[in-house]
Amino acid sequence: MGFWLFVIVSIGSIPLAGAMARERNRPSGKWLWIAAAVGPLAPLALLILGNANGPASAN
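Only a predicted model underlies this, so the values are computations on that prediction, with no experimental measurement involved.

Asks: How should the pattern of salt bridges be read in this particular structure?
Replies: Here the idea is simple: oppositely charged side chains can pair when their charged atoms come close. Summed over all chains, the structure comprises one salt bridge. Across the pair Arg24 and Glu23 runs a salt bridge, and its minimum N-O distance is 3.6 Å. A relative accessible area of 60% means that Glu23 is categorised as exposed.

Given below as structure tokens:
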């Protein structure tokens, strides 16, 4: 059961990472491949990186 949950979450993170990348003005194609490789860590990395146009806020 745990393996299939990991697979479903990993597959679900691919479109999420693409949408987040477009929202943050980052290349969505690259982030789709990154999400396919590392799974749910890609959306977390996008949250940490923030927008591409300016520095991330320190708040």
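Asks: How should I be thinking about the packing of helix H2 (residues 28-38) against helix H3 (residues 41-49) in this particular structure?
Replies: Axis angle and axis distance: for two packed helices, these are the angle between their axes and the distance between the axes, and together they describe the pair. Direction vectors running N to C along H2 and H3 enclose 130°, while the axes themselves pass 7 Å from each other. Here H3 runs oblique to H2, going by the angle between their axes. Between H2, through Trp31, Ile34, Ala35 and Val38, and H3, the contact on the second element is made entirely by Leu41, Ala42, Ala45, Leu46 and Leu49. Its residues assigned to classes, the contact of H2 with H3 comprises nine nonpolar, no polar and no charged.

Asks: Help me out: how do you make sense of the nonpolar core in this one?
Replies: For soluble globular proteins, the rule of thumb is that nonpolar side chains tend to be buried together. Counting seven residues, the largest nonpolar core is built from Ala17, Met20, Ala21, Trp31, Ala35, Ala42 and Leu46. Of all the secondary-structure elements, those providing two or more residues to this core are helix H1 (2-23), H2 and H3. At three residues, H1 tops the list of elements feeding residues into this core. With sequence-adjacent residues up to four places away left out, Ala17 is seen in contact with Trp31, Ala35, Ala42, Pro43 and Leu46.

Asks: Looking at this model, I keep getting lost on the packing of H1 against H2. Mind explaining?
Replies: The interhelical angle for the contact between H1 and H2, taken along N-to-C directions, is 150°, at an axis separation of 8 Å. The pairing of H1 with H2 is recorded here as roughly antiparallel in orientation. In the packing of H1 onto H2, the handedness of the crossing is right-handed. Judged by residue contacts, Ser13, Ile14, Ala17, Gly18, Ala21 and Arg22 of H1 engage Ser28, Trp31, Leu32, Ala35 and Ala36 from H2. Looking at the contact of H1 with H2 residue by residue, the class counts come to seven nonpolar, three polar and one charged.

Each value, and the rule that gives it
- Residues numbered from 1 in each chain as written.
- Predicted model: local features only at pLDDT ≥ 70, side-chain atom pairs only at ≥ 80, totals over all residues.
- Heavy atoms only, no water.
- Salt bridge = Lys/Arg side-chain N within 4 Å of Asp/Glu carboxyl O.
- Buried < 20%, exposed > 50% of the residue type's maximum accessible area, 1.4 Å probe, protein only.
- Axes fitted to C-alpha atoms, helices over the stretch in contact; angles between N-to-C directions.
- Helix = DSSP H or I, 4+ residues; strand = E, 2+ residues; numbered from the N terminus.
- Parallel < 35°, antiparallel > 145°, perpendicular 65-115°, else oblique.
- Contact = heavy atoms within 4.5 Å.
- Nonpolar A, V, L, I, M, F, W, Y, C, P; charged D, E, K, R; others polar.
- Core = buried A, V, L, I, M, F, W, Y, C linked by side-chain atoms within 4.5 Å.
- Left-handed = near helix turned anticlockwise from the far one by under 90°.

What is shown is where atoms sit, not what they do.
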